[in-house]
Amino acid sequence: MLRSAFTEDHQEFRKSVHDFLARDVVPNVDEYIEHKLISREVWREAGKQGLLGLEIPEVYGGGDAGDYRFNAVATEELAAVSMALASSMSIHFDVVAPYLVDLASPAQKEQWLPRFCTGEVVSAIGMTEPSAGSDLASLKTTAVRDGSDWILNGSKTFITNGYTADLVVVAARTNPEQRSKGISLFLVDATAPGFERGRKLDKVGQPEADTAELFFDNVRLPADAILGEVDRGFAYMMERLPQERIGSAVSNVAHAKQILLETIEYAKERKAFGAPIGSFQHNKFLLAELVTKIEVAQAFVDAAVVAHASGDLTAVDAAKAKWWSAQVQNEVLDHCVQLHGGYGYMREYRVARAWMDARVTKIWAGSNEIMKELIGRELAL
């Protein structure tokens, strides 16, 4: 079905992103997987292409696109190459960027945004803790005043870009007497004394996306490290979670769609009993179902993208897009593995890696169960 969410300008941008990835990234994907790291060179090249500063004002070196659909196009093209590439880079330009643009002081923006746009600075966001995943109001990392400074203690886990990030937006409790109303956000320079990275986590999928534990041992932060206002961190996170979730949905559908297209080609070429496996009625019907599921999911996600670009996307609709796209993505990829037979279980095949890479999408950005809880509340249940 013809997609109507994007204009000619978006499609021209898509071509530039696609060409950049085909030229500078795709030939090196296996190397990133082997080294379990996306090289800094890729980040710098992405910066040169204008990928990292889509939401950043021009005065700081950004593109100031003013249209979320450009973010969506970039995410789609990244996800078509690999889920890890999309998750690592979208955390930077799609998740962290709005915090800096909306909440940072002029001095903070001057300090971080120019290098943020060029890829010299890689960013991460520190929300999740070992004892508090989707329940952000229960986080235990603390920031205590010491004169005009703050002393940060605690830990975070499952942090995308955590192993290489130069800048981390950290959520910490600044008022122990409150739950959601006692949390603040801080800009933490990774060179600060007391900031330590734990091990690079050994994940089931996305090995090239560095994910790490972070530790804060009496990290002294100046007063100007506060992002926004004290004790308003939880509200800031809730306001920006819909963008993270629609970004996740965009990535989910684009990733599954690409692997499905490759699987269809495989089904045309792979023969069994003297005929292409795609010609067997069961497989033909199955692929028909999968294509339809992807297109239906795409239509809803596109509508959500357009709504978000115009400022009309609700948190509940973002939750619907996130959980449904993750569910469809995992269903489609599981069938793609099955259609590849034994080869689908081999890591050297993209379909196997994609299957492993996708499993986390039903967990991160708020688990699918939490998404259903949010949708259910809207039904006054």
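Conventions we followed
- Residues numbered from 1 in each chain as written.
- Predicted model: local features only at pLDDT ≥ 70, side-chain atom pairs only at ≥ 80, totals over all residues.
- Heavy atoms only, no water.
- UniProt positions renumbered as here; feature names shortened; annotations may be inferred.
- Helix = DSSP H or I, 4+ residues; strand = E, 2+ residues; numbered from the N terminus.
- Core = buried A, V, L, I, M, F, W, Y, C linked by side-chain atoms within 4.5 Å.
- Buried < 20%, exposed > 50% of the residue type's maximum accessible area, 1.4 Å probe, protein only.
- Contact = heavy atoms within 4.5 Å.
- 1 Å grid on protein atoms, 1.4 Å probe; cavity = no way out; pocket = protein on both sides within 12 Å on 5 of 7 lines; lining within 4 Å.
- Points joined across faces, edges and corners; volume = space filled by probe spheres on them.
- Nonpolar A, V, L, I, M, F, W, Y, C, P; charged D, E, K, R; others polar.
- Domains from an automatic or database assignment.
- Pairing = 2+ DSSP bridges.
- Buried area = accessible area lost by both parts, 1.4 Å probe.
- Salt bridge = Lys/Arg side-chain N within 4 Å of Asp/Glu carboxyl O.
- Phe/Tyr/Trp six-rings, centres within 6.5 Å; stacked < 30°, edge-to-face > 60°.

(A) Quick peek at the UniProt feature "domain: Acyl-CoA dehydrogenase/oxidase C-terminal" (unreviewed entry) in the chain. Here the UniProt feature "domain: Acyl-CoA dehydrogenase/oxidase C-terminal" (unreviewed entry) sits at residues 231-379. As annotated, residues 231-379 has a helix share of 74% and a strand share of 3%, and its two end C-alpha atoms lie 30 Å apart.

(B) The arrangement of the nonpolar core in detail. If you look at the biggest cluster of nonpolar residues, it comprises 62 residues, and the most contacted ones within it are Phe-13, Leu-21, Val-25, Ile-246, Leu-260, Val-301 and Val-332. Looking at which element gives the most residues to this core, the answer is helix H7 (residues 233-269), with 11 residues. Apart from residues no more than four positions distant in its own chain, Phe-13 is found in contact with Leu-51, Leu-54, Phe-70, Val-73 and Ala-74. Membership of the second largest hydrophobic core comes to 32 residues, among which are Ala-104, Trp-112, Leu-139 and Val-169.

(C) The arrangement of empty space enclosed by the protein in detail. Under the counting rule described, the total for this entry stands at 1 cavity of 30 Å³ or more. Here the largest cavity defines a volume of roughly 30 Å³. Forming the walls of the largest cavity are Leu-37, Ile-38, Trp-43, Ser-88, Asn-161, Thr-164 and Asp-210. Tallied by class, the residues present in the lining of the largest cavity amount to 3 nonpolar, 3 polar and 1 charged. Built from parts of two domains, the lining of the largest cavity gets at least three residues from each of domain 1 (8-121) and domain 2 (125-230).

(D) The arrangement of the pairing of strand S4 (residues 167-173) in detail. Most of S4 is tucked away: 7 of the 7 residues are buried. Residues Leu-167, Val-169, Ala-171 and Arg-173 line one face of S4 and the alternating positions Val-168, Val-170 and Ala-172 line the opposite face, and both faces are buried. Pairing geometry for S4 and strand S5 (residues 183-189), over 7 bridges, is antiparallel. Pairing of Val-170 across the sheet is with Phe-186, part of S5.

(E) Structural context of the domain arrangement of the chain. Assigned domains within the chain: domain 1 (8-121), domain 2 (125-230) and domain 3 (234-379). If you average the C-alpha positions of domain 1 and of domain 2, the two centres end up 23 Å apart. With 24 residues of domain 1 at the contact, the number on the domain 2 side is 23 residues. Between domain 1 and domain 2, a total of about 2000 Å² is buried, with carbon and sulfur atoms accounting for 64% of that surface. Our enumeration of links across domain 1 and domain 2 arrives at 1 salt bridge. One salt bridge connects Arg-40 with Asp-166, and the closest N-O pair in it is separated by 2.9 Å.

(F) Region of interest: the packing of aromatic side chains. Scanning the model with the defined rule gives 6 aromatic pairs in all. Relative to Tyr-349, the ring of Tyr-343 has its centre 5.4 Å away and its plane inclined at 35 degrees; by these criteria the two rings are tilted. Since its relative accessible area comes to 38%, Tyr-343 is described here as partly exposed. Taking relative accessible area as the criterion, Tyr-349 reaches 27% and is therefore assigned partly exposed.

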